[in-house]
Amino acid sequence: MTGQAFAPQWPAAFGARPAGDRLARVRRSPHFFDGAFRNPVPTRRMADGALRLMLRRQRAAAGLRRPSGAIPLTWRRAADYADGPESGLRATWLGHATVLVEIDNRRVLFDPVWSTRCSPSAAFGPARLHALPMRWPELPYVDAVVISHDHYDHLDMATVKALARRDAQFLVPLGLGAHLERWGVPDERITELDWHESAEVAGLSFTATPARHYCNRGARVLGTVLWASWVVAGPAHRVFHSGDTGYFPGFVDLGDAYGPFDLTMMQVGAYCDAWPDVHLTPEEGVRAHVDLAGGVLLPIHWATFDLAPHAWHEPAARTVAETARLGVPVAVPWPGAFVEPALGLPDGDWWRDIAPLREPGRGKPVDVTVEASLGGSPLQDPPRKEPVAG
């Protein structure tokens, strides 16, 4: 099997427009105005002069947008999750925004993307800069799958179709369930939430919370699908996943209402001053973490896909510098490495060793053997793994 075989194919990848009861619920949302969802504060998708700014940043980052060598990985197998974390909370960052969180004897998978490209087609679009450090058959049993929004680097049709063959519950923002239902997820396994709505699954509380972003899976669904950050709370621990968001003062309110958090997973990459309202810079990611009353910060949304005109290593470098300045605990693991906040944090600035340089032959694509991460057809799932006892 090649890496492309697990990639999404269009037009099905465009998803579906909410209809019937689902659309009626969208229209009743207090965040839905004049046919579209609105952000918590006024927001521009693009700044004035965006094209000029984009071209300037592309020139400045020329030759710097890919690592100079192979990104180190910690390969994970299902057996690694058999006993669960000693402390009750552990995260495995699998790359970009995909994180497997073990929390209070349950497993939650955020924004799962196993495909080679984050695109509606196998033929074009951003491709991985490293293999996903868990072959598909090695994914252990998960209790819940959480999706932040419908952009291709967060919502992957092929991965959803494969997960539909399992029995995990999906928790998504309003309207997004239409995509999942088209791709084969039974309606009874889809829970759609508006901002500040909560649901309980497997003894955990899931709350969709505001984010400053947008959805755009295609013109026919434009405006009818919500985006969200997420709070997941168990009896002993709570975590926050930012999804994609720009900074806004509401993070303080979220910290007051739902914090403190043992771990926050904050978007720190794919920023540009051409779209300053809808993605966090590294410094803003740290600021939002502090606003949220976060414990350990796990930077996400960097290293895996080249989505913005900044140096490959810049999100990590700037995040580490800002957390050092403010005294914030931060974990910057290899993809696949465990982060268990109570047992200490990963040490070392591994990303500095492969930071791109403007030298002949540097900054070119590296062989990441992407197909190794796929490990077979999504039709060939491993035997069902029982959840950790608890």
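Residues numbered from 1 in each chain as written. Predicted model: local features only at pLDDT ≥ 70, side-chain atom pairs only at ≥ 80, totals over all residues. Heavy atoms only, no water.

**Side note on the sheet that holds strand β9 (residues 198–201)**
Two pairing modes exist for strands in a sheet, parallel and antiparallel, and in both the strands are linked by backbone hydrogen bonds. A sheet is described by the order of its strands in space; here six strands give the open sequence β9-β10-β11-β12-β13-β14, paired in mixed fashion. Each having just a single partner strand, β9 and β14 (294–300) make up the two edges of the open sheet. Between one strand axis and the next, the sheet turns through 20° on average, direction left out of account. Taken together, the three bridges between strand β12 (residues 238–241) and strand β13 (residues 261–267) define a ladder with parallel strand orientation. Considered in β13, the bridge of His241 is made with Met265. (Pairing = 2+ DSSP bridges. Helix = DSSP H or I, 4+ residues; strand = E, 2+ residues; numbered from the N terminus. Axes fitted to C-alpha atoms, helices over the stretch in contact; angles between N-to-C directions.)

**Considerations on the pattern of salt bridges**
On inspection of all chains with the given rule, the structure shows 15 salt bridges. With a shortest N-O distance of 3.7 Å, Glu138 and Arg77 are connected by a salt bridge. On the criterion of sequence distance, the pair formed by Glu138 in the loop between β5 (106–110) and β6 (144–146) and Arg77 in the loop between α2 (50–60) and β3 (89–95) is long-range, its members being 61 residues apart. Overlapping salt bridges bring together Arg22, Glu181, Asp187 and Glu192 as one network. (Salt bridge = Lys/Arg side-chain N within 4 Å of Asp/Glu carboxyl O.)

**Considerations on the packing of aromatic side chains**
In total, this model carries 12 aromatic pairs according to the counting rule given. Centre to centre, the rings of Phe32 and Phe37 are 5.2 Å apart; their planes meet at 75°, and the pair counts as edge-to-face. Here Trp114 and Trp136 contribute two aromatic rings whose centre-to-centre distance is 5.1 Å and whose plane-to-plane angle is 85°, an arrangement assigned as edge-to-face. Highlighted residues: Trp114 in the loop between β5 and β6 and Trp136 in the loop between β5 and β6, separated in sequence by 22 residues. The residues Trp114 and Trp136 share a single accessibility class, namely buried. (Phe/Tyr/Trp six-rings, centres within 6.5 Å; stacked < 30°, edge-to-face > 60°. Buried < 20%, exposed > 50% of the residue type's maximum accessible area, 1.4 Å probe, protein only.)

**Some details on the pairing of strand β11 (residues 229–233)**
Counting buried residues in β11 gives five out of five residues, a clear majority hidden from the surface. Across the two faces of β11 the burial is the same, with Ser229, Val231 and Ala233 and Trp230 and Val232 all buried. Here strand β10 (residues 204–209) runs beside β11; their pairing, made up of five bridges, is antiparallel. Residue pairing across strands places Thr209 opposite Ser229, the latter belonging to β11. Between β11 and β12, which follow one another and run antiparallel, lie four residues.

**Comments concerning empty space enclosed by the protein**
Here the structure, examined in full by the defined rule, presents two cavities of 30 Å³ or more. Its volume calculated, the largest cavity comes out at about 130 Å³. For the lining of the largest cavity, a count of residues per class yields 10 nonpolar, four polar and two charged. (1 Å grid on protein atoms, 1.4 Å probe; cavity = no way out; pocket = protein on both sides within 12 Å on 5 of 7 lines; lining within 4 Å. Points joined across faces, edges and corners; volume = space filled by probe spheres on them. Nonpolar A, V, L, I, M, F, W, Y, C, P; charged D, E, K, R; others polar.)

**Topic: the environment of Cys272**
As for its placement among the helices and strands, Cys272 is situated in the loop between β13 and α6 (282–291). Looking at Cys272, the relative accessible area reads 8%, which means it is buried. A C-alpha to C-alpha distance of 7.6 Å links Cys272 and His310, two positions 38 residues apart in sequence. Residue contacts for Cys272: discarding those within four places in its chain leaves Met54, Arg57 and Pro309. (Contact = heavy atoms within 4.5 Å.)

**Some remarks on unusual backbone geometry**
With an omega dihedral of -5°, the bond running from Gly259 to Pro260 counts as a cis peptide bond. Along the chain, Pro260 falls in the loop between α5 (250–258) and β13. Positive phi outside glycine occurs at His196, with the angle close to 75°. Here His196 falls in the partly exposed class, since its relative accessible area comes to 44%. Even without being a glycine, His301 presents a positive backbone phi close to 70°.

**Re the side chain of Ser119**
Relative to the assigned elements, Ser119 resides in the loop between β5 and β6. On the accessibility criterion, Ser119 (3% relative accessible area) is buried. Of note is the side chain of Ser119, whose polar atom sits 3.1 Å from the backbone nitrogen of Ser121. Within the structure, the side chain of Ser119 is placed 2.8 Å from the backbone oxygen of Phe124, a separation counted as a polar contact. (Polar contact = N/O pair within 3.5 Å; in protein donor to acceptor, adjacent residues only side chain to side chain.)

**Points about the sheet that holds β3**
Read across the open sheet, the seven strands follow the order β8-β7-β6-β5-β4-β3-β15; overall the sheet is mixed. In the strand order of this sheet, the two ends are held by β8 (190–193) and β15 (338–339), each with one partner. Direction of pairing for β6 relative to strand β7 (residues 169–173): parallel, over a ladder of three bridges. Looking across to β7, one finds that Val146 is bridged to Leu171.

**Focus: the layout of surface pockets**
A volume near 480 Å³ is recorded for the largest pocket. If you trace the largest pocket, you find 19 residues lining it, with His151, Asp153, Tyr214, His279 and Leu307 closest to the centre. Its residues assigned to classes, the lining of the largest pocket shows 10 nonpolar, six polar and three charged.

In short, the description is geometric, and any link to function would need to be established separately.
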